[in-house]
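Coordinate analysis (summary)
The primary structure of each chain is shown beneath.
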Amino acid sequence: MRNLIHRFIIIALLLTWACKTSQTGITVSPIVKEAKSNKGIVVTASSLASRAGTSILEQGGNAIDAAIAVMFALTVVYPEAGNIGGGGFLIYRERNGQTHALDFREKAPAVADSKYYLNQKADVVDSLSQEGIYSIGVPGTVDGIFQMFDKFSKLKNIQTLMHPAIQYAEIGYPLSKMQADQLNHLQSRFLINNKKETAFVKFSRWKQGDLFQQKQLAETLKRIAKNGRDEFYQGKTAECMINTMNAHQKTWISKADLSNYHSVWRTPIQFQYNDYTIISMPPPSSGGVHLAQLFGMYELLGRSDLKFHSSEHIQLFTEFERRVYADRAMFLGDPEFYPVPVKQLLNKNYLKKRIAGIDLQQASDSRDFIDKDELSGESEETTHFSIIDKDGNAASITTALNGSYGSFVVAEGAGFLLNNEMDDFSVKPGVPNAYGLIGSKANAIAANKRMLSSMTPTIVVRGNRVEYIVGTPGGSTIITSVFQVLMNLIEFHLSPSDAVQSLRFHHQLLPDCIYFEKGILDKKLFTDLKNKKYNLLVREQIGRVELIAREGDSFIGVADQRGDDSVAIEN
Ligand code: DON
């Protein structure tokens, strides 16, 4: 009898333990906003993803191996932006100084054309490019991952690199408060855009700490781990995406679109600012070109006396940004479809002319920078991560679904979200997208074309050593955030932590106003800028910057306090 009771107690204890495991799933590491190391550092939007990266470094992987583990992990633990169903950009600097840029941006399907989102009166049909099947671009992330793997992986074992993501999907993890609230708030969008049940909807409502398991996604990841790149573009996973189109009775992404997708190695934009070499993304991202223009304009003006967040600082940056976003709207697009005049845009004389009209007594008017015949109007969830390994290889990667949870369409039976990146095209000249950006024919929709991006993954080198690795999400605000953080470091001499956490502001030509994070504008600044005819608007947070900065022979990782972003270091 005693034995029986004993056995019952043991079984009961085991059951309680099992329940505990299945209720809480993977244990989430605490959020770390700042950490220093002379080995590897990984900074991402999620502590689980950062940990996935460092676990790979600890097994002898390099920065690219860690990046691959992070990309798969983010799809699971940060579904609002993590993206095997999306695309993005990599800037990589090997320890030997060689630099690389990989473009795995989504493409328009072959059926797309410039009239696709217009009705018979040539008006834009609201939200067609922003949500649902027609907002989806042909995903590039998995092809990008395998390009990186083939060229640079040190571990050379995709199963090992995908292991953390598969575990996170299979065992599940507890939802953060932010995620639970978002999923509840967006429930109707998931219901409208999916014919079948998805892991994202819970009718009794999600709570912080609820176990979030994604069994279908776990199976998809296992298939990719087993079959490689082609699983996604030609295998069962491709079939799931095509079935999703069919279930919605929509002709959009085809089998051929998927099997024809290829990411492209490009030459990075590289420029000099004092003794810093800045390496960033070329078109079809506008990030590197405009970052170079902003630094170029600042250098030409020769103002080393600016006070941080003074009226002059804000005015000058605003006027630079106004001009740069005007160029973006006119001249930037997919270089395989439009001859983007990169050299001319970066030419010193051109930049000199561009800033000649800046008057510190009065705001310029954005209307003077718009060619009304050419320009039409552009729309936020993306994720950036920065990685350094112990050998000094540096990876700066920004990837996206575009909006939070992308198109809201889940690939049927495969469990991952598909992007809504089509909205980054200029759907009609002059008509703003979800980020308020406008564009011209340079970024008009065409079959198989890549939509223009603002993603700005960046690495800064000084004295032949990596000095900073930086980037952020934030749609149209990405370029100005990266510029401000680098300026905070280089010109305003803020500490890495202050450079990331201090408040930001932004101007993008249209709407013609300066956006401020709450807290910058005091009465004096407000009155001064108002008197100079600036329109001022306080908005929610701008960007979520992940920075790695050199400190002597070590590096410090800083994660933006604007989200659950977190630093992990190699043990
Ligand atoms: O490529 C782009 O510029 C946009 N799709 C980025 C979207 C984004 O940053 C959303 N983040 N908050």
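In this report, we go over the structure that sits alongside the text. (Residues numbered from 1 in each chain as written. Predicted model: local features only at pLDDT ≥ 70, side-chain atom pairs only at ≥ 80, totals over all residues. Heavy atoms only, no water.)

**Thoughts on the sheet that holds strand S13 (residues 465–471)**
Across the sheet, which stays open at both edges, the 7 strands sit in the order S1-S18-S17-S13-S12-S9-S8 with antiparallel pairing between neighbours. The open sheet has two edge strands with one neighbour each: strand S1 (34–37) and strand S8 (269–273). Across the sheet, the mean angle from the axis of one strand to that of its neighbour is 20°, orientation sign disregarded. Its contacts with the sheet put helix H12 (residues 287–301) on S8, strand S9 (276–280) and strand S12 (458–462), and the angle it makes with S8 is roughly 15°. (Pairing = 2+ DSSP bridges. Helix = DSSP H or I, 4+ residues; strand = E, 2+ residues; numbered from the N terminus. Axes fitted to C-alpha atoms, helices over the stretch in contact; angles between N-to-C directions. Contact = heavy atoms within 4.5 Å.)

**Considering the pattern of salt bridges**
Inspection of the entire model under this criterion finds 33 salt bridges. The partner of Arg450 in a salt bridge is Asp103, with the nearest N and O atoms 3.2 Å apart. Judged by its relative accessible area of 1%, Arg450 is buried. Given a relative accessible area of 0%, Asp103 falls into the buried group. Here Lys222 ties to Glu219 by a salt bridge, and the two come within 3.2 Å at their closest N and O atoms. In this pair, Lys222 and Glu219 both sit in helix H8 (residues 215–227), 3 residues apart, roughly one turn of the helix. Lys222 sits in the partly exposed class, given a relative accessible area of 31%. The network of salt bridges with shared partners includes Asp103, Arg266, Glu336 and Arg450. (Salt bridge = Lys/Arg side-chain N within 4 Å of Asp/Glu carboxyl O. Buried < 20%, exposed > 50% of the residue type's maximum accessible area, 1.4 Å probe, protein only.)

**As for the site of the ligand**
For the ligand, the set of nearby residues contains 15 residues, the closest of which are Thr382, Glu421, Asp424, Ser453 and Gly475. Glu421 places a polar side-chain atom, nitrogen or oxygen, 2.5 Å from a nitrogen atom of the ligand. Backbone polar atom of Ser454 to an oxygen atom of the ligand: 2.7 Å apart, as the coordinates give it. For the ligand, the protein covers 97% of the area, taking 340 Å² as the surface of the free molecule. (Near = heavy atom within 4 Å. Polar contact = N/O pair within 3.5 Å; in protein donor to acceptor, adjacent residues only side chain to side chain. Areas by Shrake-Rupley, 256 points an atom, 1.4 Å probe, with all protein chains shown as cover.)

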